[in-house]
Amino acid sequence: MVTDRQIEAAYRIAQDRYAQLGVDTDQVLKRLAKVAISLHCWQGDDVAGLEGRAGQLGGGLAVTGNYPGRARNGDELRQDLQFAYSLIPGRHRLNLHAFYAETDGTVDRDAIGPEHYSNWIFWAKDNGLGMDFNPTFFSHPKAADGMTLAHPDKAIRRFWIEHGIRCRRIGQYIGKTLGQTCITNVWIPDGMKDMPVDRVGPRQRLLESLDAIFQEQLDPYFNLDAVESKLFGIGSESYVVGSHEFYLGYAASRSKILTLDMGHFHPTESVSDKLSAVLMWVPAVLLHVSRPVRWDSDHVVAINDDLLAVTHELIRGELLDRVYIALDYFDATINRIAAWVIGARNTLKALLLAMLEPTEQLKQMELDGNYTERLAMVEELKTMPFGAVWDYHCLTEQAPLDHQWISKVRDYEERVLSRRS
Ligand code: RNT
Ligand code: ZN
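Residues numbered from 1 in each chain as written. Chains lettered and ligands numbered in written order. Predicted model: local features only at pLDDT ≥ 70, side-chain atom pairs only at ≥ 80, totals over all residues. Heavy atoms only, no water.

Some points on the nonpolar core
Part 1 of the reasoning: One finds Leu81, Tyr117 and Trp120 to be the most contacted residues of the largest nonpolar core, which totals 124 residues.
Part 2 of the reasoning: Top contributing element to this core by residue count: helix α10 (residues 336-355), with 12 residues.
Part 3 of the reasoning: Those residues within four positions of Tyr117 in sequence are excluded, and the remaining contacts are Leu96, His97, Ala98, Tyr100, Ala101, Ile112, Phe133 and Ile170.
Part 4 of the reasoning: If you look at the next biggest cluster of nonpolar residues, it comprises six residues, including Ile183, Ile257, Ala284 and Leu286. (Core = buried A, V, L, I, M, F, W, Y, C linked by side-chain atoms within 4.5 Å. Buried < 20%, exposed > 50% of the residue type's maximum accessible area, 1.4 Å probe, protein only. Helix = DSSP H or I, 4+ residues; strand = E, 2+ residues; numbered from the N terminus. Contact = heavy atoms within 4.5 Å.)

What follows is the structure in structure tokens.
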């Protein structure tokens, strides 16, 4: 077992090494401790929701796997989340979807109000968690034919517009109650499996529906709106109404937050390169950190080139103030708590790696046209003693070190998860 003194000693050496590059690791850790990641409740129950429609996931989303121990109700999901937070250094947030209302499915989506989320909101308050919110435009009979806000039937559009309006008010209530801004993110599944003849009509209808949802002015201190595009989904392979171009224009013209999900682009496109471009035109970005494997497969976030490129861009571009970070993936083949913990810790580690870079020096080399040293330094940074800084961060934040949290998860699995049928 590694002792605290060993962790501290290793940190002092690392601190010295980074200081020689002009990087103050104490400052970096203070900065890292302030980053809040929004943990997606839906990893804990395979995007089932609490309306009694488990196993009927819609919207072209897919969760594979049947690892035992899925949370079956609000209490279990909160218990699992609380345990996951205890294994992640720092103070984080909860990202809740509307279909986690605790009404036993008796209140339809066009009738929900803040009172249906009181368990969640008071639990978040008790635990010092900020919260974000999402209307749920899928896993519902009125979304069964793959269209919601862009549906040709006015009554169906009206139903979903009402849902959106109510969700924003819930977001505002959450923001007020917790004293922290809530981001309410709109993602809809609307699209077509096969080649549409009319690509214009659905987009016009979506535009009108969104404008109707956002008509009511809410206090931006309590609620901010975000819109999320997608490239394709299962059943919407040929056409997605809310494409990237659609929402970029929408967010820019309406001053909304643009959500960039790392799994929602062509495989050779990178979200890291989009950040600086879109932030010229939209006030802020909501990142859905995810890991596509061949397609939008929503794998648990790993420290790979994509993630590192995104976190480096956030630091190099000084974008952290305007980019909100949330996780979005769902894997049911592994322990679901470990899935949260691995993804969140990896995102934090990737941020730390980026913060430990002597960015000013690198920028100067670039300005001087010294691309040789720029490449040499970027590559050599990869073998700097970053792990010692991370360990020290976990120690000071009273979170388990790497290799320590997994035994706690195993124990929780035995005590709690294995008792769920
Ligand atoms: C779907 C979007 C969306 C969802 C959640 C559940 O492709 O990424 O963010 O994952 O709303
Ligand atoms: Zn997403």
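Some remarks on the packing of helix α11 (residues 359-367) against helix α12 (residues 371-380)
Any two packed helices are characterised by the angle at which their axes cross and by the distance between the axes.
Part 1 of the reasoning: Two numbers describe how α11 lies on α12: the axes approach to 7 Å, and their chain directions differ by 155°. By the angle between their directions, the pair α11 and α12 is classed as roughly antiparallel. α11 and α12 meet at a crossing whose hand is left-handed. On α12, the residues that touch Gln361, Leu362, Met365 and Glu366 of α11 are Tyr371, Glu373, Arg374, Met377 and Val378.
Part 2 of the reasoning: Of the residues that constitute the contact of α11 with α12, the class distribution is five nonpolar, one polar and three charged. (Axes fitted to C-alpha atoms, helices over the stretch in contact; angles between N-to-C directions. Parallel < 35°, antiparallel > 145°, perpendicular 65-115°, else oblique. Left-handed = near helix turned anticlockwise from the far one by under 90°. Nonpolar A, V, L, I, M, F, W, Y, C, P; charged D, E, K, R; others polar.)

Brief notes about the coordination of the zinc ion (ligand 2)
Part 1 of the reasoning: Of the protein atoms, only Glu228 (OE), Asp261 (OD), His288 (ND1) and Asp328 (OD) coordinate the zinc ion (ligand 2), at distances of 2.1 Å.
Part 2 of the reasoning: If you look at the zinc ion (ligand 2), its six donor atoms make angles of 70 to 166° with each other, and the shape they trace is irregular.
Part 3 of the reasoning: Between consecutive donor residues of the zinc ion (ligand 2), the sequence gaps follow E-x32-D-x26-H-x39-D. Placement of Asp261 in strand β8 (residues 257-261) and of His288 in strand β9 (residues 285-289) is noted, with a sequence separation of 27 residues between them. (Donors = N, O, S within 2.8 Å, 3.2 Å for Na, K, Ca; no water. Tetrahedral: all angles 85-135°; square planar, octahedral: opposite > 155°, others 65-115°.)

Some remarks on the site of ligand 1
Part 1 of the reasoning: Around ligand 1, the structure places 13 residues, and the nearest of them are His97, Glu228, Lys230, Asp261 and Asp328.
Part 2 of the reasoning: One nitrogen or oxygen atom from the side chain of His288 is found 3.3 Å from an oxygen atom belonging to ligand 1.
Part 3 of the reasoning: Protein burial of ligand 1: of its 310 Å² of free accessible surface, 99% is covered by the chains.
Part 4 of the reasoning: Under a 2 Å grid-point criterion requiring more than half of the atoms, the pocket assigned to ligand 1 is the largest cavity.
Part 5 of the reasoning: For the shell around ligand 1, a count of residues per class yields five nonpolar, three polar and five charged. (Near = heavy atom within 4 Å. Polar contact = N/O pair within 3.5 Å; in protein donor to acceptor, adjacent residues only side chain to side chain. Areas by Shrake-Rupley, 256 points an atom, 1.4 Å probe, with all protein chains shown as cover. 1 Å grid on protein atoms, 1.4 Å probe; cavity = no way out; pocket = protein on both sides within 12 Å on 5 of 7 lines; lining within 4 Å. Sits in = over half its atoms within 2 Å of the grid points.)

Side note on the packing of aromatic side chains
Part 1 of the reasoning: Applying the stated criterion across every chain yields a total of 14 aromatic pairs.
Part 2 of the reasoning: Between Phe99 and Phe138, the ring centres sit 5.5 Å apart and the planes meet at 75°, which makes this aromatic pair edge-to-face. Pair noted here: Phe99 is in the loop between β2 (93-97) and α4 (118-126) and Phe138 is in the loop between β3 (130-134) and α5 (154-178), with a separation of 39 residues, a long-range link. Taken as a pair, Phe99 and Phe138 share a single burial class, namely buried.
Part 3 of the reasoning: Both rings, one in Trp120 and one in Trp123, keep their centres 6.0 Å apart while their planes meet at 85°; by these two values the pair is edge-to-face. Residue Trp120 and its partner Trp123 are both found in helix α4; the two are separated by three residues, about one turn of the helix. For the residue pair Trp120 and Trp123, the accessibility class agrees, reading buried in each case.
Part 4 of the reasoning: Through pairs of rings, three or more aromatic residues link up here, namely Phe99, Tyr100, Phe138 and Trp187.
Part 5 of the reasoning: Taking the ring centre of Trp120 as reference, the NZ or CZ of Arg78 above it sits at 4.7 Å.
Part 6 of the reasoning: Looking at Lys256, its charged tip hangs above the ring of Phe214, at a distance of 4.4 Å from the centre. (Phe/Tyr/Trp six-rings, centres within 6.5 Å; stacked < 30°, edge-to-face > 60°. Lys NZ or Arg CZ within 6 Å of the ring centre and 35° of its normal.)

Quick notes on the layout of surface pockets
Part 1 of the reasoning: In this structure, the largest pocket occupies an estimated 540 Å³ of space.
Part 2 of the reasoning: What lines the largest pocket is a set of 20 residues, and nearest its centre among them are Lys34, Ala36, Leu320, Val323 and Tyr324.
Part 3 of the reasoning: Sorting elements by how many residues they give to the lining of the largest pocket places strand β12 (residues 323-327) first, with four residues.
Part 4 of the reasoning: Looking at the lining of the largest pocket residue by residue, the classes come out as 11 nonpolar, three polar and six charged.
Part 5 of the reasoning: Around the second largest pocket, the lining is made up of 15 residues, and of these Leu308, His312, Arg316, Val378 and Lys382 lie nearest the centre.
Part 6 of the reasoning: Sorting elements by how many residues they give to the lining of the second largest pocket places helix α9 (residues 305-316) first, with six residues.
Part 7 of the reasoning: Per-class residue counts for the lining of the second largest pocket are eight nonpolar, two polar and five charged. (Points joined across faces, edges and corners; volume = space filled by probe spheres on them.)

Some thoughts on the packing of helix α2 (residues 25-33) against helix α13 (residues 386-396)
Part 1 of the reasoning: One way to put it is that α2 packs onto α13 with a least axis distance of 11 Å and a crossing angle of 55°. As judged from the angle between their axes, α2 and α13 are oblique. As α2 runs across α13, the sense of the crossing is right-handed. Across from Thr25, Leu29, Leu32 and Ala33 in α2, the residues of α13 making contact are Val389, Trp390, Tyr392 and His393.
Part 2 of the reasoning: The class makeup of the residues in the contact of α2 with α13 is six nonpolar, two polar and no charged.

Thoughts on the pattern of salt bridges
Part 1 of the reasoning: A full pass over the atoms with the stated rule returns 23 salt bridges.
Part 2 of the reasoning: As a salt-bridge pair, Arg168 and Asp225 come within 2.8 Å of each other at their nearest N and O atoms. One end of the pair, Arg168, is in helix α5; the other, Asp225, is in strand β6 (residues 223-228), with 57 residues separating them in the sequence. An identical accessibility class is assigned to Arg168 and Asp225; each is buried.
Part 3 of the reasoning: Beyond isolated ion pairs, a larger network of salt bridges with shared partners links Arg72, Glu76, Asp80 and Arg420. (Salt bridge = Lys/Arg side-chain N within 4 Å of Asp/Glu carboxyl O.)

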